[in-house]
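Single-letter residue listing:
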Amino acid sequence: LEISGKSKLVIAGIGATITWTGTAGAGEFIGFEFLGTCSHVTIRDLVFVGDGVIANGHAAVWNTSGQTLSDIAVVYTKISNCVVGISYNANLSGTFTGGVIAYNELDTIVGPDPGQGYGIHLAKATKIRVFDNSINKAQRHAIYHAAGDTGCVIHHNRELITKYSIGSTQHKIPDLLR
């Protein structure tokens, strides 16, 4: 689902479940994708469920580099069986300034390779606050701050260490600031 050119938008589900189906195209995910210029957008109180199949590319909220995004919040969601939970990305181009990722529950985020298995992913996003999230069984990284130390604050998150997450050769303990 594309979110493009939006400002002052709230998407709230009060516990509604979105179940992703199908297979994403190469380099893409199936999920809420930010495109173009968006500001002051909040996604809250939704349940996102993928099928847990890496090749299908299910994600909750994501964007590719090249967008102009500001003040984006993802709060009070539940995310499971996805390749990526929440990704704020301006790694190669564009900007992602200001936002919150908080009070989310992520479970079974699959994929051992780069671009997969990330519960929460930040890449050159600035002034993002990440706090009070619970992440269980992120196969690669619970929280991955990939690039740019640009005023992001990451604190008071909980990663549940399980046999699944410890068994990953990519897993580093702790890869989550507490």
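Above this text you will find the structure in question.
A short tour of the structure in this document, coming up. (Residues numbered from 1 in each chain as written. Predicted model: local features only at pLDDT ≥ 70, side-chain atom pairs only at ≥ 80, totals over all residues. Heavy atoms only, no water.)

Turning our attention to the nonpolar core. In terms of nonpolar packing, the biggest core is built from 36 residues, with Phe34, Ile43 and Tyr88 touching the most fellow members. Counting residues per element, this core draws most heavily on strand E4 (residues 37-49), at 5 residues. (Core = buried A, V, L, I, M, F, W, Y, C linked by side-chain atoms within 4.5 Å. Buried < 20%, exposed > 50% of the residue type's maximum accessible area, 1.4 Å probe, protein only. Helix = DSSP H or I, 4+ residues; strand = E, 2+ residues; numbered from the N terminus.)

With that out of the way, let us pick up the pattern of salt bridges. Tallied over the entire structure, the rule returns 1 salt bridge. Where Asp45 meets Arg44, a salt bridge forms, and the shortest distance between an N and an O atom there is 2.5 Å. For Asp45, a relative accessible area of 18% puts it in the buried group. Overall, the relative accessible area of 29% leaves Arg44 in the partly exposed class. (Salt bridge = Lys/Arg side-chain N within 4 Å of Asp/Glu carboxyl O.)

Two orientations exist for strands paired in a sheet by backbone hydrogen bonds: parallel and antiparallel. A sheet is described by the order of its strands in space; here 6 strands give the open sequence E1-E3-E5-E8-E11-E14, paired in parallel fashion. The open sheet is flanked by strand E1 (2-4) and strand E14 (141-147), the only strands paired with a single partner. Geometrically, the sheet is characterised by an average inter-axis angle of 15° between neighbouring strands, direction not taken into account. Of the pairings in the sheet, the one linking strand E5 (residues 58-62) to strand E8 (residues 84-89) comprises 2 bridges and is parallel in character. Each bridged residue has a counterpart across the sheet, and for Ala59 the counterpart in E8 is Val84. (Pairing = 2+ DSSP bridges. Axes fitted to C-alpha atoms, helices over the stretch in contact; angles between N-to-C directions.)

Let's shift gears to the packing of aromatic side chains. Under the defined criterion, the tally for this structure stands at 8 aromatic pairs. Judged by centre distance (6.0 Å) and plane angle (70°), the rings of Trp20 and Phe32 are edge-to-face. Taken together, the residues span a long stretch of sequence, with Trp20 in the loop between strand E2 (7-19) and strand E3 (30-35) and Phe32 in strand E3 at a distance of 12 residues. As far as the burial class goes, Trp20 and Phe32 line up, both buried. Between the aromatic rings of Tyr118 and Tyr144, the centroid separation amounts to 4.8 Å while the plane-to-plane angle is 35°, which identifies the pairing as tilted. Residue Tyr118 is located in strand E11 (residues 118-123), and its partner Tyr144 is located in strand E14; the two are separated by 26 residues in the primary sequence. For Tyr118, a relative accessible area of 6% translates into the label buried. An aromatic cluster is defined as three or more aromatic residues linked by ring pairs; in this entry it consists of Trp20, Phe32 and Phe48. (Phe/Tyr/Trp six-rings, centres within 6.5 Å; stacked < 30°, edge-to-face > 60°.)

Locating Thr68 in the fold gives a position in strand E6 (residues 68-75). Sequence spacing of Thr68 and Ser93 is 25 residues, and the spatial spacing of their C-alpha atoms is 9.2 Å. Sequence-distant contacts of Thr68, that is, excluding residues within four places in its chain, are made with Gly36, Thr37, Cys38 and Thr95. (Contact = heavy atoms within 4.5 Å.)

As a further point, take the environment of Leu46. Secondary-structure assignment places Leu46 in strand E4. A relative accessible area of 6% means that Leu46 is categorised as buried. When the C-alpha atoms of Leu46 and Lys78 are compared, they prove to be 6.5 Å apart, with 32 residues separating the residues in sequence. Residues contacting Leu46, with those up to four places away along its chain left out, are Ile11, Ala12, Gly13, Ala16, Ile18, Phe32, Tyr76, Thr77 and Lys78.

The buried fraction of strand E13 (residues 134-138) amounts to 4 of the 5 residues, a majority that puts the element mostly inside the structure. As paired strands, strand E10 (residues 105-109) and E13 are joined by 4 bridges and run parallel to one another. The partner of Asp107 across the bridge, within E13, is Asn136.

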